[in-house]
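A look at the structure
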Amino acid sequence: MPENPTNVCRPDECLAEDWLGFLGHRWNALILWHLSDGPKRFSELQHLLPRISPKVLTERLVALTERGLLLRQVTNGYPTEVSYRLSRKGQDLRGLLVQLYDWALTEEKLAVAGSTPDAA
């Protein structure tokens, strides 16, 4: 891994910056987080993310599916049921999300305890 990844390429050509920008969207990582414990229907995701509008949830699910992070499954029947689950690529990201969660939890515990981590 390069010592300074920000110097590897220009921002408009950098794959890492592209993915960080995409995952940094307000809802993308949260949707992936909620799907990390198994498939969910649209209505379940709406319940888990009460401040997201149906329009934005639809847009985010489409974008995550187009990026190959989600799989959309339609079950024939009446009524038709649509669910979303992590693809293999999305499951690979799960580890990063868990690391971020663990880091945030540690930081919160430090803040509550009133201690500060050592300066780098």
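Residues numbered from 1 in each chain as written. Predicted model: local features only at pLDDT ≥ 70, side-chain atom pairs only at ≥ 80, totals over all residues. Heavy atoms only, no water.

In this section: the nonpolar core. One finds Ile31, Leu32, Leu35, Leu61, Leu64 and Leu70 to be the most contacted residues of the largest nonpolar core, which totals 18 residues. Going through the elements one at a time, helix H2 (28-35), helix H4 (54-66), strand E3 (81-86) and helix H5 (88-113) are the ones with two or more residues in this core. The biggest single contributor to this core is H4, with 4 residues. Excluding its chain neighbours within four sequence positions, the residues that come into contact with Ile31 are Leu49, Leu57, Arg60, Leu61 and Leu64. (Core = buried A, V, L, I, M, F, W, Y, C linked by side-chain atoms within 4.5 Å. Buried < 20%, exposed > 50% of the residue type's maximum accessible area, 1.4 Å probe, protein only. Helix = DSSP H or I, 4+ residues; strand = E, 2+ residues; numbered from the N terminus. Contact = heavy atoms within 4.5 Å.)

Sheet topology note: the strand E2 (residues 70-75)/E3 ladder contains 6 bridges and is antiparallel. What sits directly across from Val74, in E3, is Val82. (Pairing = 2+ DSSP bridges.)

Turning next to the layout of surface pockets. Taken as a whole, the largest pocket holds about 350 Å³ of empty space. Trp19, Leu20, Leu23, Leu93 and Leu96 are, among the 13 residues lining the largest pocket, the residues nearest its centre. Secondary structure elements with two or more residues in the lining of the largest pocket: helix H1 (15-23) and H5. Per element, the largest residue contribution to the lining of the largest pocket is 6 residues, and it comes from H5. Looking at the lining of the largest pocket, its residues break down into 10 nonpolar, 1 polar and 2 charged. (1 Å grid on protein atoms, 1.4 Å probe; cavity = no way out; pocket = protein on both sides within 12 Å on 5 of 7 lines; lining within 4 Å. Points joined across faces, edges and corners; volume = space filled by probe spheres on them. Nonpolar A, V, L, I, M, F, W, Y, C, P; charged D, E, K, R; others polar.)

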